[in-house]
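# A closer look at the structure
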Amino acid sequence: MFKPRSVLLASVCLLPSMLAASSAAAQAQNAPGNATQGVSTQSAPGATARRVHTRPASAQQAAPGGSIGSINVIGNHRIETSTVTAYMVVQVGDPFDQQRIDQSVKTLYATGLFQTVHISRDGNGLDVNVVENPTVTTVFFSGNKAVADKDAQAAITLKPNSVYTPQAAEADRGALLAAYAKKGYYNAQVSVSVIHLSDNRVNVVFNSIDGTEPKLSRILFTGNQHFSQSTLRQIVSSREYAWWRFLSGSTSYNADRVQYDDYLLHKFYMHKGYADMQIVSSNANLSPDRKSFYLTYAVAEGPRYRVKSLKIVSSIRTLDDKKLRGLVPLSAGDWFDGDALQEGIVALNKRALDLGYAFATVNPDIETDPKDGTLTITLNVVNGPRVWIQRIDITGNTRSEDKVIRRELTVAEGDAYNQTKIDESTKNLKDLGFFKDQNLTTSPGSTPNQVVLNTKVTEQATGQFSLGGGYSSSLGALLNTGLSQNNILGTGNNASINALLAQRGTQINLGYTDPYFLDRNLIAGGDLFRTVTDSYTSSGQSYSYSESSMGGDLRLGYRFNSHVTQTFTYTVSDRDIYDLPTASSSQNLYIIDEAGWSSLSQLSQTLSFDYLDDDQSPTSGLLVNLTVDFAGVGFGAKYVRLTPDVSYYIPLEHVFGDPGWVLKFSGSAGYIKDYGGYSDKIEDRFFLGGDSLRGFADGGIGPYAQDLAANVSAKYPDGLTGGQIGGRYMWTQSTELHFPLPVSKDLGITGFAFVDTGSLWGASSIGTVQQLTDSAGPRVAAGIGVSWNTPFGLINLSLADPIVKQAGDQVQQFRVSFGTRF
C-alpha cells in the first residue's frame, strides 16, 4: 500500500527514539532485582495483531497563507469528531499557522486518547489522521499472593472501559511494586502483558512474582553513649529476625514502624532525662541479595538534665498556682522525666476543664543549661481562644455504624473544643479494636470561632479465632479454642463461643454483649454455659466425685464514669454431684449427703473501681471489686454471699530503671450465710488452694472431714480417708514482685517471687463417724516462678514451700497454670 511521504518521514524520525527506548528498557530489565520494564503485547485468537507506536508522528509542513476552511478527522471510531476538534488549538477560520498546528498535535497526544496523530493540509482544509488508543475490556492479576486482587485493583488506574496507554500500564506497574514494598516485599517483580482483541479492545494482565519478604538481619544504633545496643533494641518495635520470632510481623522492614520507632526512642530518652535528644536519621539499607535489611538509627543524646526549678504561672484568676503545683509529679533536684511532665500537663488541663475553663491550655516553657546539666520548667496556664465544634464528620467507616464511633467521642457538636478530650476520644476509638487507623483532625468552620472535627477511620477485621493448648495442675492437658466477632454487622456488639477441653474438665460458654444497650450508657448481655469437672479428687484423698453445672445468665451494667462500673447478673443453673466411689469404707458422708441435682437462681451485683493503667498488663493503679450474691430469687439454694477483692500495683522503674519491675499487693475475702432453712452445699462454699493459695493443692486447705469407721484404719494405714469440704469464711493476701529476666523480652518470659497467706474455715460436723478438722489459723507459703506469655496463652510455672500449715492441709509445691493473668 502506498504510504504518504510525511508518514514515511515520521516513521524514520521515530526509529532512533524507538531504538533508544528499547535499549533503555533492556538495560532496566537486566538491572538487579528489577522486573521486566517493557509492556508485551499479543493478539487473541482470531484478532489482528497491531504494533503499538510509542511516539507521535510529526505534522506535515503546511503551505503558508490562507485560512482553514474545514477540518476533517479521519480514523476516529469511538471518539466523536467534535471532541477531537475541541482539543485542537487551531479551528475553522484560523490562518494556517504551522506553530499552532504543531501545538494541536501535542495537545491531542496529551489527551492520552490516541496512539498516533498526523495533521496535513489538503487545499483549504486540514486532514487530521488519528489512531485511537484501545479500550480496556478486563484487567487480570496473575501470580500475586502477597497483594490481594482487591488491593491491587485499588492501586492501579487502568479499569474496564478506560483508555489503555503504555504509559498508564507502566505507571500502574510501578504502583503495584509500591504496594508490594508497603507489605515488605521489596524484591517483587511485576510485568504487563497486553492481549489485543477485536474492535480495538485489549485485556491487560499484570504478572507478579512475589519474591520473599526481606527480614531485618541487623538493627544498629550510632551516637548512643549512655545506653547499650541491646537496651535500645528493646525500646524500638522493630526486631531482628530470629527463629523464635517466626510468628512476629516486627522482623520485616516497615517504613511506618520505623517512624514509630523514632517516636519510641525519643520518648525513652525524654523519660530518662535527655531533653536535647534528637533522632539524626533512620536508614534502612537493602542487602545486595535483596533478602534482608540493615536498619541503622543515628541518635544525638545530649546531656542528662536535673530539674532546677518548676513553677506554674496561671493567667486565670480563679486557678491558684500553689494548688495546681501538686498535680505535676516533678520537683527540684529530680532527674527530668518527659513522661511525668506530660502527665502533669494532662492533669492541669483536666483540672481547668473540671472547673469550667473549656478553652484553657497549658504551654510548657523549658530552658536548658547544658553546662550546669539543669533545666527550668515553666508551665503557663492560659485561657485560650474560644473555639466551638460546629460539626463532626465521620469518614472511612465502611462497615461500622456512625453511632458506634460517635458514642466513643467525648465531645459533641456544639461543645467547646478541648484537645484533652480529643486525645481521649482518639484513645477510645483505638481501644475498640475495630479500626486499623483513626485520625481526628480539624478544619475551619463557617465562622472564625468554629471548627469541623474530621474523624477518619480505617476498618479492619474484627473476627477472631483462637486456638491454644497447654497443661494445668488442676485440669491436666488442655485445649482452649474460641471464636468471636467484636463488631457484629457494624453495631459494635460482641458475640463469642469458647470451649476448654481438658483431661479433667470441660467448659463451654456462648455469650453476647451489647456495650450500649438501647443506645444508652448500659452494658447488656447474656451467656449460656456448661461446666464439667471430671473425677474431682479432693486434694488427692481417698474419695472423689464429679461436678457439673449447666445454665445461663443475663447481665446489665452501668458506667458511672471511665473508672466505676456496676453490673447486675441473674443466673439460673442446674448443678449435679455424681460419680461417687462405690466402696462404702471410703465414702465421705458430706459428699453422700449432698450428691445429686440441685438448682440455683441467683441475683448478683458487682461494683468495680478500675484505676489500672492497662487492663492486660497493669504496672500501676488500683482495682477493687465488691460482689454480693443473693441466691433463692425464685427457687433453689438460699444464701447470701459476699466476696470483696482488691489489687494494687506499684511500678518500681524509678528504683531499678526497668518497667518490668512491678510490686503487686492483692487480697480477697468471702462470707456465706444461709437463710430460709437452707443448708449450704459443697458447690456453694469457698475453696482455697492452687492458684488462689500457691504451695497448697487445689481446694487443699480448710475444713477437713475424716472417716472414723472401725475398718478404715486397716484399709488406710495413714488414716486419711476424708478430704476438704469447703468453708463459709475465707480470706487471702498475696504479695508478688515481678521482675525481668536476662533474656530477650521478645520471648515473653518474666520472673516473679511471692508470699501467699490465707485461711478458710466454717463447717458443721454431721453424724458420729466423721471427725471434722476446722481451723481458722493462717496458712503461709513463699516461692518463685516464671511467666511465659506464649502465642497460645500465658503459662505460669511456680515453686512454693508452705511455711505455715494446719492439720489436714494438702501440699503441692510445683504448679503449672495456663491462661492466668497476674
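Worth saying up front: this structure is predicted, and the values here are computed from it rather than measured.

## What to know about the confidence of the model for the chain
- Averaged over all residues, the pLDDT of the chain equals 84, while 86% of them reach at least 70.
- Low pLDDT, under 50, characterises residues 1–38; the predicted model gives this stretch 32 contacts beyond four residues in sequence or across chains.

## As for the nonpolar core
- With 22 residues, the main nonpolar core has I312, F336, I377 and L379 as its most contacted residues.
- Going through the elements one at a time, β11 (306–314), α9 (338–354), β12 (360–369) and β13 (374–383) are the ones with two or more residues in this core.
- The element that contributes the greatest number of residues to this core is α9, accounting for 5 residues.
- Beyond its immediate chain neighbours, meaning those up to four positions away, F336 contacts M270, H271, K272, G273, A275, Y305, R306, V307, L341, I366, L375 and I377.
- Judged by nonpolar contacts, the second largest core, of 21 residues, contains F141, A188, V190 and V194.

## As for α9
- Given a rise of 1.5 Å per residue, 17 residues ought to cover 24 Å, and the 24 Å separating the end C-alpha atoms of α9 matches this to within 8%.
- Listed as buried for α9 are G338, A340, L341, G344, I345, L348, N349 and A352.
- Lining the buried residues of α9 we find α7 (255–271), β11, α8 (321–325), β12, β13 and α11 (419–432).
- One side-chain oxygen at the N-terminal end of α9 lies 2.9 Å from the backbone nitrogen of D339; it belongs to D337.
- In the stretch just after α9, G356 is the one whose phi turns positive, near 95°.

## Comments concerning the sheet that holds strand β14 (residues 388–395)
- Strand order in the open sheet formed by 3 strands is β14-β16-β15, and the pairing between neighbours is mixed. Only two strands of the sheet have a single partner each, and these edge strands are β14 and β15 (435–444). Strand-to-strand twist in this sheet, taken as the mean axis angle between neighbours without regard to direction, amounts to 20°.
- Pairing geometry for β14 and strand β16 (residues 450–459), over 7 bridges, is parallel. Its bridge partner lying in β16, W388 is registered against Q450.
- Those strands touched by α11 are β15 and β16, and its axis lies near 155° from that of β15.

## Observations concerning the sheet that holds β11
- Taken together, 3 strands build an open sheet; the order of strands is β11-β13-β12 and the sheet is mixed. The outermost strands of the open sheet, each flanked by one partner alone, are β11 and β12. Between one strand axis and the next, the sheet turns through 15° on average, direction left out of account.
- Sheet strands touched by α9: β11, β12 and β13. Its angle to β12, the strand with the most contacts, is close to 155°.

## Concerning the packing of aromatic side chains
- Scanning the entire structure with this criterion turns up 19 aromatic pairs.
- Taken together, a centroid distance of 5.6 Å and an interplanar angle of 80° make the contact between F268 and Y269 edge-to-face.
- Under the relative-accessibility criterion, Y269 is labelled buried at 0%.
- Feature note: the residues F227, F268, Y269 and Y274 constitute an aromatic cluster, connected by ring pairs.
- Between R304 and the ring centre of W335, over which it is positioned, the NZ or CZ distance is 3.9 Å.
- Lying across the ring of F754, R694 places its NZ or CZ 3.9 Å from the centre.

## Points about the side chain of K272
- For K272, the position within the fold is in the loop between α7 and β9 (278–286).
- We note that K272 is buried and unpaired, the nearest opposite charge coming from E653 at a distance of 4.1 Å.
- Within the local environment of K272, its side chain forms a polar contact with the backbone oxygen of G657, the two atoms lying 3.3 Å apart.
- In contact with K272, not counting residues within four places along its chain, are F227, R304, F336, E653 and G657.

Each value, and the rule that gives it
- Residues numbered from 1 in each chain as written.
- Predicted model: local features only at pLDDT ≥ 70, side-chain atom pairs only at ≥ 80, totals over all residues.
- Heavy atoms only, no water.
- pLDDT = per-residue confidence, 0-100.
- Contact = heavy atoms within 4.5 Å.
- Core = buried A, V, L, I, M, F, W, Y, C linked by side-chain atoms within 4.5 Å.
- Buried < 20%, exposed > 50% of the residue type's maximum accessible area, 1.4 Å probe, protein only.
- Helix = DSSP H or I, 4+ residues; strand = E, 2+ residues; numbered from the N terminus.
- Expected span 1.5 Å × (residues − 1).
- Polar contact = N/O pair within 3.5 Å; in protein donor to acceptor, adjacent residues only side chain to side chain.
- Pairing = 2+ DSSP bridges.
- Axes fitted to C-alpha atoms, helices over the stretch in contact; angles between N-to-C directions.
- Phe/Tyr/Trp six-rings, centres within 6.5 Å; stacked < 30°, edge-to-face > 60°.
- Lys NZ or Arg CZ within 6 Å of the ring centre and 35° of its normal.
- Lys, Arg positive; Asp, Glu negative; His and termini not counted.
- Salt bridge = Lys/Arg side-chain N within 4 Å of Asp/Glu carboxyl O.

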